[in-house]
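Listed here are the chains, written in short residue letters.
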Amino acid sequence: MDLRRVMAAAVISVTGLGLAGVAVSSLSSGVPGLPGGIIVGAVLVLGGAFAIAGPALYRSSVTSDHLLRVAGWNTLGVVVTVAVLALVGTFQAADGGRVAAPLLSGAVIVGVSAFAHVLIGVNDVRRIRVGELARERQKLAVLNRIVRHNLRNDAQVLLGNAEALLGELDDDRHRGMADSIAGKATSLASMNEKLGKFQAAIEHDPSDERAVDLDDLIESVVEELRESFPEATIETDVPAGLAVEADDKLGDALSEAIENAILHGGGEVRVGATRHGGDVDITVTDEGPGIPEHELSSIAADAEITQLDHGTGVGLWVLRTVVEAYDGTLSIDTDDGTTVTIRLPAA
(Lines give C-alpha, C1' and ligand atoms only; values in the text may rest on other atoms or scores of the structure.)
Protein backbone atom coordinates (compact mmCIF):
# COMPACT_ATOMS: atom_id res chain seq x y z
CA MET A 1 0.00 0.00 0.00
CA ASP A 2 1.31 3.45 -0.96
CA LEU A 3 1.04 5.53 2.24
CA ARG A 4 1.58 8.76 0.32
CA ARG A 5 -1.41 7.97 -1.85
CA VAL A 6 -3.53 7.08 1.18
CA MET A 7 -2.57 10.29 2.98
CA ALA A 8 -3.29 12.46 -0.08
CA ALA A 9 -6.73 10.92 -0.60
CA ALA A 10 -7.45 11.15 3.15
CA VAL A 11 -6.62 14.88 3.23
CA ILE A 12 -9.17 15.57 0.50
CA SER A 13 -11.84 13.38 2.13
CA VAL A 14 -11.25 14.88 5.61
CA THR A 15 -11.86 18.33 4.14
CA GLY A 16 -15.23 17.10 2.92
CA LEU A 17 -16.11 15.42 6.21
CA GLY A 18 -15.26 18.62 8.10
CA LEU A 19 -17.52 20.70 5.86
CA ALA A 20 -20.33 18.17 6.12
CA GLY A 21 -19.97 18.12 9.92
CA VAL A 22 -20.37 21.90 10.12
CA ALA A 23 -23.46 21.75 7.90
CA VAL A 24 -25.09 18.99 9.96
CA SER A 25 -24.30 20.84 13.20
CA SER A 26 -25.88 24.01 11.82
CA LEU A 27 -29.00 22.10 10.78
CA SER A 28 -29.38 20.62 14.26
CA SER A 29 -29.12 24.05 15.89
CA GLY A 30 -31.56 25.63 13.44
CA VAL A 31 -30.92 27.67 10.30
CA PRO A 32 -32.63 31.05 9.99
CA GLY A 33 -34.47 31.70 6.74
CA LEU A 34 -34.01 30.66 3.13
CA PRO A 35 -30.52 32.17 2.73
CA GLY A 36 -29.30 30.09 5.67
CA GLY A 37 -30.78 26.97 4.13
CA ILE A 38 -29.05 27.69 0.82
CA ILE A 39 -25.72 28.15 2.58
CA VAL A 40 -26.14 24.88 4.50
CA GLY A 41 -27.06 23.10 1.29
CA ALA A 42 -23.99 24.50 -0.48
CA VAL A 43 -21.71 23.39 2.37
CA LEU A 44 -23.27 19.90 2.31
CA VAL A 45 -22.75 19.60 -1.46
CA LEU A 46 -19.14 20.73 -1.18
CA GLY A 47 -18.53 18.39 1.73
CA GLY A 48 -20.02 15.43 -0.10
CA ALA A 49 -18.01 16.21 -3.23
CA PHE A 50 -14.73 16.29 -1.30
CA ALA A 51 -15.59 13.15 0.68
CA ILE A 52 -16.26 11.22 -2.54
CA ALA A 53 -13.34 12.74 -4.43
CA GLY A 54 -10.76 11.28 -2.02
CA PRO A 55 -11.52 7.57 -2.66
CA ALA A 56 -12.21 8.26 -6.34
CA LEU A 57 -8.79 9.86 -6.84
CA TYR A 58 -7.15 7.06 -4.84
CA ARG A 59 -8.54 4.49 -7.31
CA SER A 60 -7.82 6.63 -10.37
CA SER A 61 -4.81 6.44 -12.70
CA VAL A 62 -3.37 9.67 -11.27
CA THR A 63 0.14 9.00 -9.97
CA SER A 64 0.86 9.27 -6.23
CA ASP A 65 3.12 12.28 -6.76
CA HIS A 66 0.43 14.09 -8.71
CA LEU A 67 -2.25 13.15 -6.16
CA LEU A 68 -0.05 14.56 -3.41
CA ARG A 69 0.24 17.76 -5.42
CA VAL A 70 -3.56 18.08 -5.67
CA ALA A 71 -3.89 17.39 -1.92
CA GLY A 72 -1.25 20.04 -1.26
CA TRP A 73 -3.21 22.64 -3.18
CA ASN A 74 -6.34 21.60 -1.26
CA THR A 75 -4.51 22.02 2.07
CA LEU A 76 -3.12 25.39 1.00
CA GLY A 77 -6.62 26.62 0.18
CA VAL A 78 -7.98 25.51 3.56
CA VAL A 79 -5.09 26.83 5.68
CA VAL A 80 -4.83 30.21 3.96
CA THR A 81 -8.58 30.81 4.00
CA VAL A 82 -8.97 29.78 7.64
CA ALA A 83 -6.08 32.08 8.59
CA VAL A 84 -7.62 35.02 6.71
CA LEU A 85 -11.04 34.39 8.25
CA ALA A 86 -9.51 34.19 11.73
CA LEU A 87 -7.80 37.55 11.25
CA VAL A 88 -10.99 39.15 9.94
CA GLY A 89 -13.03 37.68 12.79
CA THR A 90 -10.51 38.93 15.37
CA PHE A 91 -10.60 42.40 13.85
CA GLN A 92 -14.39 42.52 13.86
CA ALA A 93 -14.59 41.25 17.44
CA ALA A 94 -12.09 43.89 18.59
CA ASP A 95 -14.21 46.56 16.87
CA GLY A 96 -17.38 45.30 18.51
CA GLY A 97 -18.81 43.69 15.38
CA ARG A 98 -20.52 40.33 15.19
CA VAL A 99 -20.88 37.79 12.38
CA ALA A 100 -24.04 35.66 12.26
CA ALA A 101 -23.31 31.91 12.35
CA PRO A 102 -19.54 32.40 12.01
CA LEU A 103 -18.77 28.67 11.76
CA LEU A 104 -21.24 28.11 8.92
CA SER A 105 -20.24 31.31 7.12
CA GLY A 106 -16.59 30.36 7.41
CA ALA A 107 -17.29 26.81 6.22
CA VAL A 108 -18.86 27.91 2.96
CA ILE A 109 -15.95 30.27 2.24
CA VAL A 110 -13.38 27.59 3.13
CA GLY A 111 -15.23 25.04 0.98
CA VAL A 112 -15.32 27.30 -2.06
CA SER A 113 -11.65 28.21 -1.60
CA ALA A 114 -10.61 24.56 -1.20
CA PHE A 115 -12.61 23.60 -4.30
CA ALA A 116 -10.93 26.35 -6.32
CA HIS A 117 -7.51 25.26 -5.11
CA VAL A 118 -8.22 21.63 -6.02
CA LEU A 119 -9.09 22.78 -9.54
CA ILE A 120 -5.83 24.72 -9.61
CA GLY A 121 -4.02 21.56 -8.47
CA VAL A 122 -5.68 19.44 -11.16
CA ASN A 123 -4.74 21.98 -13.81
CA ASP A 124 -1.19 22.09 -12.43
CA VAL A 125 -0.92 18.30 -12.62
CA ARG A 126 -2.32 18.33 -16.14
CA ARG A 127 0.27 20.92 -17.18
CA ILE A 128 3.06 18.79 -15.72
CA ARG A 129 1.71 15.66 -17.41
CA VAL A 130 1.54 17.42 -20.79
CA GLY A 131 5.21 18.36 -20.39
CA GLU A 132 6.11 14.79 -19.45
CA LEU A 133 4.25 13.40 -22.46
CA ALA A 134 5.97 15.89 -24.76
CA ARG A 135 9.37 14.78 -23.48
CA GLU A 136 8.44 11.10 -23.81
CA ARG A 137 7.22 11.72 -27.34
CA GLN A 138 10.47 13.44 -28.23
CA LYS A 139 12.49 10.52 -26.85
CA LEU A 140 10.31 8.09 -28.82
CA ALA A 141 10.90 10.06 -32.01
CA VAL A 142 14.68 10.01 -31.48
CA LEU A 143 14.64 6.29 -30.66
CA ASN A 144 12.50 5.62 -33.72
CA ARG A 145 14.96 7.42 -36.00
CA ILE A 146 17.92 5.52 -34.52
CA VAL A 147 16.21 2.13 -34.77
CA ARG A 148 15.00 2.76 -38.32
CA HIS A 149 18.44 3.93 -39.43
CA ASN A 150 20.13 0.83 -38.01
CA LEU A 151 17.37 -1.43 -39.29
CA ARG A 152 17.64 -0.04 -42.81
CA ASN A 153 21.44 -0.35 -42.89
CA ASP A 154 21.45 -3.89 -41.47
CA ALA A 155 18.73 -4.98 -43.90
CA GLN A 156 20.78 -3.64 -46.84
CA VAL A 157 23.88 -5.48 -45.63
CA LEU A 158 21.97 -8.73 -45.20
CA LEU A 159 20.27 -8.43 -48.57
CA GLY A 160 23.53 -7.57 -50.37
CA ASN A 161 25.39 -10.51 -48.85
CA ALA A 162 22.51 -12.91 -49.47
CA GLU A 163 22.33 -11.93 -53.14
CA ALA A 164 26.10 -12.34 -53.44
CA LEU A 165 25.87 -15.82 -51.94
CA LEU A 166 23.05 -16.77 -54.31
CA GLY A 167 25.33 -15.90 -57.21
CA GLU A 168 28.20 -18.00 -55.86
CA LEU A 169 26.59 -21.09 -54.34
CA ASP A 170 25.69 -24.20 -56.33
CA ASP A 171 24.42 -26.40 -53.51
CA ASP A 172 20.60 -26.28 -53.37
CA ARG A 173 20.53 -26.43 -49.55
CA HIS A 174 22.96 -23.54 -49.20
CA ARG A 175 21.14 -21.54 -51.88
CA GLY A 176 17.91 -22.12 -49.97
CA MET A 177 19.52 -20.75 -46.81
CA ALA A 178 20.79 -17.68 -48.68
CA ASP A 179 17.37 -17.18 -50.21
CA SER A 180 15.80 -17.34 -46.73
CA ILE A 181 18.24 -14.68 -45.51
CA ALA A 182 17.34 -12.48 -48.48
CA GLY A 183 13.65 -12.88 -47.67
CA LYS A 184 14.19 -11.88 -44.06
CA ALA A 185 16.25 -8.86 -45.13
CA THR A 186 13.44 -7.75 -47.44
CA SER A 187 10.97 -8.20 -44.59
CA LEU A 188 13.13 -6.05 -42.30
CA ALA A 189 13.33 -3.33 -44.97
CA SER A 190 9.53 -3.42 -45.28
CA MET A 191 9.16 -3.16 -41.50
CA ASN A 192 11.43 -0.11 -41.53
CA GLU A 193 9.10 1.58 -44.02
CA LYS A 194 6.04 0.69 -41.94
CA LEU A 195 7.65 2.09 -38.79
CA GLY A 196 8.08 5.37 -40.64
CA LYS A 197 4.38 5.39 -41.48
CA PHE A 198 3.55 4.52 -37.87
CA GLN A 199 5.63 7.46 -36.57
CA ALA A 200 3.95 9.80 -39.06
CA ALA A 201 0.52 8.64 -37.84
CA ILE A 202 1.49 9.28 -34.20
CA GLU A 203 2.60 12.82 -35.12
CA HIS A 204 -0.66 13.54 -36.98
CA ASP A 205 -1.63 17.21 -37.14
CA PRO A 206 -5.42 17.74 -37.47
CA SER A 207 -4.77 21.03 -39.28
CA ASP A 208 -3.46 18.99 -42.25
CA GLU A 209 -6.85 17.36 -42.79
CA ARG A 210 -8.88 18.24 -45.86
CA ALA A 211 -11.52 16.77 -48.14
CA VAL A 212 -9.97 13.66 -49.75
CA ASP A 213 -11.70 12.22 -52.81
CA LEU A 214 -11.92 8.48 -52.22
CA ASP A 215 -12.38 7.50 -55.87
CA ASP A 216 -9.06 9.08 -56.88
CA LEU A 217 -7.19 7.98 -53.74
CA ILE A 218 -8.30 4.33 -53.85
CA GLU A 219 -7.61 4.09 -57.58
CA SER A 220 -4.10 5.45 -57.02
CA VAL A 221 -3.40 3.01 -54.18
CA VAL A 222 -4.79 0.06 -56.14
CA GLU A 223 -2.71 0.89 -59.23
CA GLU A 224 0.50 0.84 -57.17
CA LEU A 225 -0.43 -2.49 -55.59
CA ARG A 226 -1.30 -4.00 -58.97
CA GLU A 227 2.23 -3.22 -60.11
CA SER A 228 3.69 -4.88 -57.00
CA PHE A 229 1.27 -7.84 -57.12
CA PRO A 230 0.40 -8.40 -60.81
CA GLU A 231 -1.15 -11.78 -60.04
CA ALA A 232 -3.73 -10.26 -57.66
CA THR A 233 -7.29 -9.36 -58.64
CA ILE A 234 -8.49 -6.11 -57.06
CA GLU A 235 -12.01 -4.86 -57.75
CA THR A 236 -13.21 -1.41 -56.67
CA ASP A 237 -16.67 0.05 -56.19
CA VAL A 238 -16.39 3.67 -55.05
CA PRO A 239 -19.06 6.27 -55.96
CA ALA A 240 -17.72 9.36 -57.72
CA GLY A 241 -17.56 12.48 -55.56
CA LEU A 242 -17.45 10.62 -52.24
CA ALA A 243 -14.94 12.33 -49.91
CA VAL A 244 -13.79 12.08 -46.29
CA GLU A 245 -11.91 14.33 -43.86
CA ALA A 246 -8.34 13.01 -43.95
CA ASP A 247 -4.88 13.65 -45.40
CA ASP A 248 -2.17 11.79 -47.31
CA LYS A 249 -1.71 9.19 -44.54
CA LEU A 250 -5.07 7.67 -45.44
CA GLY A 251 -3.37 6.26 -48.55
CA ASP A 252 -0.85 4.47 -46.30
CA ALA A 253 -3.66 2.97 -44.21
CA LEU A 254 -5.59 1.76 -47.26
CA SER A 255 -2.41 0.34 -48.78
CA GLU A 256 -1.77 -1.67 -45.60
CA ALA A 257 -5.33 -3.02 -45.55
CA ILE A 258 -5.38 -3.98 -49.23
CA GLU A 259 -1.86 -5.46 -49.22
CA ASN A 260 -2.75 -7.57 -46.19
CA ALA A 261 -5.84 -8.83 -48.03
CA ILE A 262 -3.74 -9.71 -51.11
CA LEU A 263 -1.11 -11.60 -49.10
CA HIS A 264 -3.49 -13.52 -46.85
CA GLY A 265 -6.76 -13.59 -48.77
CA GLY A 266 -5.94 -15.65 -51.83
CA GLY A 267 -5.26 -12.74 -54.18
CA GLU A 268 -8.87 -11.65 -54.79
CA VAL A 269 -9.80 -8.39 -53.08
CA ARG A 270 -12.82 -6.10 -53.22
CA VAL A 271 -12.61 -2.45 -52.14
CA GLY A 272 -15.79 -0.42 -51.68
CA ALA A 273 -17.10 2.73 -50.05
CA THR A 274 -20.59 3.81 -48.99
CA ARG A 275 -21.94 6.83 -47.14
CA HIS A 276 -24.07 6.47 -43.99
CA GLY A 277 -25.31 9.86 -42.84
CA GLY A 278 -22.31 11.88 -41.73
CA ASP A 279 -19.88 8.97 -42.06
CA VAL A 280 -18.29 6.97 -44.85
CA ASP A 281 -17.51 3.25 -44.61
CA ILE A 282 -14.53 2.00 -46.61
CA THR A 283 -14.44 -1.81 -46.83
CA VAL A 284 -11.65 -4.15 -47.91
CA THR A 285 -12.87 -7.73 -48.35
CA ASP A 286 -11.09 -10.97 -49.19
CA GLU A 287 -11.94 -14.68 -49.14
CA GLY A 288 -8.99 -15.78 -47.03
CA PRO A 289 -8.92 -17.64 -43.70
CA GLY A 290 -8.97 -14.42 -41.69
CA ILE A 291 -6.50 -12.58 -39.51
CA PRO A 292 -5.11 -14.68 -36.62
CA GLU A 293 -6.73 -13.98 -33.26
CA HIS A 294 -3.46 -13.00 -31.58
CA GLU A 295 -2.92 -10.32 -34.26
CA LEU A 296 -6.43 -8.90 -33.76
CA SER A 297 -6.21 -8.94 -29.96
CA SER A 298 -2.86 -7.13 -30.03
CA ILE A 299 -4.40 -4.00 -31.62
CA ALA A 300 -7.51 -3.91 -29.42
CA ALA A 301 -7.96 -0.60 -27.59
CA ASP A 302 -7.44 -2.20 -24.16
CA ALA A 303 -4.81 -4.74 -25.23
CA GLU A 304 -1.83 -5.28 -22.94
CA ILE A 305 1.36 -5.86 -24.91
CA THR A 306 3.68 -8.37 -23.25
CA GLN A 307 6.68 -10.45 -24.33
CA LEU A 308 4.43 -13.47 -24.82
CA ASP A 309 1.30 -11.75 -26.17
CA HIS A 310 1.87 -9.34 -29.04
CA GLY A 311 1.34 -9.01 -32.77
CA THR A 312 4.08 -9.84 -35.25
CA GLY A 313 3.34 -7.19 -37.86
CA VAL A 314 3.35 -3.41 -37.91
CA GLY A 315 0.79 -2.98 -40.71
CA LEU A 316 -2.29 -3.36 -38.50
CA TRP A 317 -0.84 -0.85 -36.03
CA VAL A 318 -0.30 1.63 -38.86
CA LEU A 319 -3.88 1.09 -40.01
CA ARG A 320 -5.39 1.52 -36.54
CA THR A 321 -3.26 4.56 -35.64
CA VAL A 322 -4.06 6.41 -38.87
CA VAL A 323 -7.80 5.74 -38.55
CA GLU A 324 -7.88 6.88 -34.91
CA ALA A 325 -5.98 10.06 -35.85
CA TYR A 326 -8.99 11.01 -38.01
CA ASP A 327 -11.43 10.25 -35.16
CA GLY A 328 -12.56 7.23 -37.14
CA THR A 329 -13.19 3.61 -36.17
CA LEU A 330 -11.71 0.33 -37.38
CA SER A 331 -13.55 -2.99 -37.31
CA ILE A 332 -12.49 -6.38 -38.66
CA ASP A 333 -14.99 -9.17 -39.39
CA THR A 334 -13.53 -12.66 -39.91
CA ASP A 335 -16.74 -14.73 -39.98
CA ASP A 336 -16.73 -15.30 -43.76
CA GLY A 337 -13.36 -14.35 -45.17
CA THR A 338 -12.06 -11.05 -43.83
CA THR A 339 -13.71 -7.63 -44.09
CA VAL A 340 -11.86 -4.60 -42.81
CA THR A 341 -14.16 -1.61 -42.33
CA ILE A 342 -12.79 1.89 -41.89
CA ARG A 343 -15.41 4.44 -40.82
CA LEU A 344 -14.42 8.09 -41.25
CA PRO A 345 -16.24 11.42 -41.06
CA ALA A 346 -17.58 12.46 -44.46
CA ALA A 347 -16.21 15.68 -45.91
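The model shown is predicted, which means the values in this text are computed figures rather than measured ones.

Interhelical geometry of helix H6 (residues 214-228) versus helix H7 (residues 249-264) gives an angle of 50° and a closest axis separation of 10 Å. If you check the angle between H6 and H7, you find them oblique. Note on packing geometry: the crossing formed by H6 with H7 is right-handed. Residue-level inspection shows Leu214, Leu217, Ile218, Val221, Val222 and Leu225 of H6 in contact with H7, the latter providing Leu250, Gly251, Leu254, Ser255, Ile258, Glu259 and Ile262. Partitioning the contact of H6 with H7 into residue classes produces 10 nonpolar, two polar and one charged.

Our focus in this paragraph is the nonpolar core. With 37 residues, the main nonpolar core has Leu214, Leu250 and Ile258 as its most contacted residues. Elements with a minimum of two residues in this core: H6, strand E3 (243-246), H7, strand E4 (268-276), strand E5 (279-286), helix H9 (315-325) and strand E7 (338-345). With seven residues, the single largest contributor to this core is H7. Those residues in contact with leucine 250 that lie beyond four places of it in its chain are Leu214, Leu217, Val244, Val322, Tyr326 and Leu344. Counting 18 residues, the second largest nonpolar core, distinct from the first, contains Val40, Val70, Val108 and Val118.

It is worth spelling out the sheet that holds strand E6 (residues 329-333) at this point. Spatial strand order, E2-E4-E5-E7-E6: five strands in an open sheet with mixed pairing. Two strands in the sheet have a free side with no partner beyond their single neighbour: strand E2 (233-237) and E6. For this sheet, the mean inter-axis angle between neighbouring strands, taken without regard to orientation, is 15°. Relative to E4, E2 is paired through five bridges, and the arrangement is parallel. Residue pairing in the sheet places aspartate 237 in a bridge with glycine 272 of E4.

Let's shift gears to helix H5 (residues 172-202). Spanning 31 residues, H5 covers 45 Å between terminal C-alpha atoms, matching the ideal 45 Å at 1.5 Å per step. On the buried face of H5, the contacting elements are helix H4 (102-168), H7 and H9. Among the residues of H5, the N-terminal cap falls to aspartate 171, whose side-chain oxygen and the backbone nitrogen of arginine 173 are separated by 3.0 Å.

In this structure the tally under the stated criterion is 13 salt bridges. With its nearest N and O atoms 3.1 Å apart, the salt bridge here joins arginine 270 to glutamate 287. Pair noted here: arginine 270 is in strand E4 and glutamate 287 is in the loop between E5 and helix H8 (293-298), with a separation of 17 residues, a long-range link. Judged by relative accessible area, which is 45%, glutamate 287 ranks as partly exposed.

The subject of this paragraph is unusual backbone geometry. In this structure, aspartate 327 is a non-glycine residue whose phi angle is positive, near 60°. Inspection of the secondary structure puts aspartate 327 in the loop between H9 and E6. With a relative accessible area of 69%, aspartate 327 lands in the exposed category.

Thresholds applied
- Along each chain, numbering runs from 1 in the same order as the chain's sequence is written.
- Residues qualify for local features only when their pLDDT is at least 70, as the model is predicted, and side-chain atom pairs are given and counted only at 80 or more; totals for whole chains, interfaces and linings, by contrast, use all residues.
- Excluding hydrogens and water, the side-chain figures rest on all heavy atoms present in the structure.
- For helices, the axis comes from a line fit to the C-alpha atoms of the stretch in contact; other axes are also lines fit to C-alpha atoms, and the angle between any two N-to-C directions lies between 0 and 180 degrees.
- Strands are runs of DSSP state E lasting at least 2 residues, helices are runs of H or I lasting at least 4, and numbering of each runs from the N terminus.
- Angle categories: roughly parallel below 35 degrees, roughly antiparallel above 145, roughly perpendicular from 65 to 115, and oblique for all the rest.
- Should the near helix be turned counterclockwise from the far one by less than a right angle, the crossing is left-handed, whereas a clockwise turn marks it as right-handed.
- Contacts were defined at the residue level, with two residues in contact if any of their heavy atoms lie within 4.5 Å.
- When residues are grouped by polarity, Ala, Val, Leu, Ile, Met, Phe, Trp, Tyr, Cys and Pro land in nonpolar, Asp, Glu, Lys and Arg in charged, and all others, Gly among them, in polar.
- What makes a nonpolar core is a set of buried Ala, Val, Leu, Ile, Met, Phe, Trp, Tyr and Cys residues whose side-chain atoms join them at distances within 4.5 Å.
- Remark: exposure states derive from per-residue accessible area (1.4 Å probe, protein chains only) relative to the maximum for the residue type, with buried under 20%, exposed over 50%, and partly exposed in between.
- A pair of strands counts as paired when DSSP detects no fewer than two bridges linking them.
- The span one expects for a helix is its residue count, reduced by one, times 1.5 Å.
- Definition of a polar contact: a pair of N or O atoms within 3.5 Å, with one able to donate and the other able to accept a hydrogen when the atoms are protein atoms, and with sequence-neighbouring residues admitted only if both atoms are side-chain atoms.
- Salt bridge, as used here: a side-chain nitrogen of Lys or Arg that lies within 4 Å of a carboxyl oxygen of Asp or Glu.

Bear in mind that shape data such as this cannot, by itself, settle questions of function.
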